[in-house]
Amino acid sequence: MIGSALAILAKDLRIETRTREGLTSIVVLGVLLVLVFSVAHDPTPSEAPRLAPAVIWVTFTFTGLLAIQRSFVVEREQDCLAALLVGPLDPAALYVGKLLGNVILLAAMQAMVLPLTALLLHVELAGALPGLIVVLLLGNLGFAALATLFGAVAVRVRAREVLLPVLLLPLLVPVLVGGVKATAAVLAGEGLAGATQAIGMLGAFDVIFTTAGVLLFEQVVRD
Amino acid sequence: MAAPVVVARGLRREYAGVPVLVAVDLEVAAGDCVVLLGSNGAGKTTLLRVLATLLRPSGGALQLFGHDAARRPAAVRAQLGWVGHETGCYPDLTGRENLRFHARLHAVDDARIAECLAWSGLDGAADRPLRTYSRGMAQRLALARALLPRPGLLLLDEPFTGLDADASARLVGLLATVRAEGTAIVMSTHDPARVDELSPRTATLARGRLREGRA
């Protein structure tokens, strides 16, 4: 299963590096959202850092939805998903490969958008960065675990652009709440120790929905 | 004597309560070539997708390679080759990259990739992205992809759509070599004259039932 998952991941990364369609669109959207938030609120330098957790996670959510939809459109084009399913591929491997690809794509987006957020909202990243990376990766994995599962559901229907957010966003509330709280604690200088409950929530969400994705993906992608 | 490749008895398939396949019986032996005929909406694609295990039948029994397809899907999928309306290949990858990706999933070695590229006449274009291929070349790549693992059953849904006479003739020639190696072929088409060279069995789907011969 690991070999097949890595083959799916390598294929997705090769297509992405060749076309740059996914990364370009989510980075443009991410930069735009950060700019709009910072201009719309026009916070004073002392207020601005308090806005940062909400800006980071709202930006992440919108760009993430776009990224997940694109990752399955690649499989729908030319009916590639059917070609994968008529074969020995374990659907769990397809899920894991897609999940890893989405995590990497979203991490790349975060790596570009975070410095911009810090610049515009006067956030001091230097001391908080290690803790922030842990929080963002945990949130990234939880988001991608659930979104990859629902992305496979949504890609089969005509109204997928509407269906994915409707299905996904209510279930993502624990990730978003945990992510915002943990980010706020880390940026306030409390470190990960100041956000143990939120980190625990993110970790539990990651484990539950990654396991659910591995177990349920076959039911989702097959008729 | 080897078990038939396909044994379908009373296969049914419904979509939201609407029957598409009512009671389909079909038996296909190794090396057989069966052409499915029928008007649009007769259920040819549905039957092929059921045989490919992409759709679950609503009723009836399906055995592939002697295995119950519902109970041992993994055992039968490893022996299936599928070419649908689309190529099943990624337009932004080259022909070789597409085959290499599927070869990795099927644990097929690089020598087989080279063999399939040469056999399909694509070795000269193997390092070009699929999106630069003509329809005929793309269809040959799809066939090469499906044949990588040397399947015992090749399922083709309207493989001649969009092909000119030369490309069709070339495809028929390739299918003849596949059949000669013992692979069973089941395909749908609106133009059975194109496959006369294969001397296939024909079967017609009408009102969800399959009858041997042309309507």
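Residues numbered from 1 in each chain as written. Chains lettered and ligands numbered in written order. Predicted model: local features only at pLDDT ≥ 70, side-chain atom pairs only at ≥ 80, totals over all residues. Heavy atoms only, no water.

Enquirer: Quick rundown of the overall build of chain B? Include the residues and the values.
Expert: Scanning chain B for helices and strands turns up six helices and ten strands. Its C-alpha radius of gyration of 17 Å places chain B within 12% of the 17 Å reference for a compact globule of 215 residues. If you line up chain B on its principal axes, its C-alpha atoms span 45 × 40 × 35 Å. Burial status across chain B gives 55% buried among its 215 residues. For chain B, long-range pairs separated by at least 24 residues make up 69% of all intrachain contacts whose partners lie at least 6 apart in sequence. Summed over its atoms, the accessible surface of chain B is roughly 9,000 Å², and 50% of this surface lies on carbon and sulfur atoms. The distance from the centre of the 27 positive side-chain charges to the centre of the 22 negative ones in chain B is 6 Å. (Helix = DSSP H or I, 4+ residues; strand = E, 2+ residues; numbered from the N terminus. Rg over C-alpha atoms; globule rule 2.2 N^0.38 Å. Buried < 20%, exposed > 50% of the residue type's maximum accessible area, 1.4 Å probe, protein only. Contact = heavy atoms within 4.5 Å. Areas by Shrake-Rupley, 256 points an atom, 1.4 Å probe, with all protein chains shown as cover. Lys, Arg positive; Asp, Glu negative; His and termini not counted. Charge placed at Lys NZ, Arg CZ, Asp CG, Glu CD.)

Enquirer: Go over the interface of chain B and chain A, please, and point to the residues and values.
Expert: Every contact between the two is made by 27 residues of chain B and, on the other side, 29 residues of chain A. Buried area between chain B and chain A, both sides added, is near 2,500 Å², and the carbon and sulfur share of it is 59%. Its largest share of buried area at the contact with chain A, chain B owes to R77(B), Y90(B) and L105(B), together 25% of the area lost on that side. Linking chain B to chain A there are three salt bridges. When the shortest N-O distance is used, the salt bridge between E97(B) and R18(A) registers 2.6 Å. For the interface between chain B and chain A, the tally reads seven residue pairs in polar contact (both at pLDDT 80 or more). (Buried area = accessible area lost by both parts, 1.4 Å probe. Salt bridge = Lys/Arg side-chain N within 4 Å of Asp/Glu carboxyl O. Polar contact = N/O pair within 3.5 Å; in protein donor to acceptor, adjacent residues only side chain to side chain.)

Enquirer: Kindly report on the layout of surface pockets, identifying the contributing residues and their values.
Expert: Taken as a whole, the largest pocket spans an internal volume of roughly 470 Å³. Lining the largest pocket are 16 residues, with R76(A), D79(A), L81(A), R156(A) and R49(B) positioned closest to its centre. Mapped onto the lining of the largest pocket, the elements with two or more residues apiece are α3 (48-76) and α4 (80-85) of chain A. Broken down by class, the residue content of the lining of the largest pocket amounts to nine nonpolar, no polar and seven charged. (1 Å grid on protein atoms, 1.4 Å probe; cavity = no way out; pocket = protein on both sides within 12 Å on 5 of 7 lines; lining within 4 Å. Points joined across faces, edges and corners; volume = space filled by probe spheres on them. Nonpolar A, V, L, I, M, F, W, Y, C, P; charged D, E, K, R; others polar.)

Enquirer: Break down empty space enclosed by the protein for me, with residues and values.
Expert: Summed over all chains, the structure comprises five cavities of 30 Å³ or more. In this structure, the largest cavity occupies an estimated 80 Å³ of space. What lines the largest cavity is simply I56(A), T59(A), F60(A), M109(A), Q110(A), V113(A), L114(A), T117(A) and L136(A). The set of elements that each furnish at least two residues to the lining of the largest cavity consists of α3 and α5 (91-120) of chain A. At five residues, α5(A) tops the list of elements feeding residues into the lining of the largest cavity. Of the residues assigned to the lining of the largest cavity, the class counts are six nonpolar, three polar and no charged. Of the pockets and cavities examined, the second largest cavity occupies roughly 60 Å³. As for the second largest cavity, its lining consists of A83(A), V86(A), L80(B), G81(B), W82(B), H102(B), H106(B), R145(B), A146(B) and P149(B). At the level of secondary structure, the elements contributing two or more residues to the lining of the second largest cavity comprise β6 (80-83), α3 (95-106) and α5 (135-147) of chain B. Here the element with the most residues in the lining of the second largest cavity is β6(B); it accounts for three residues.

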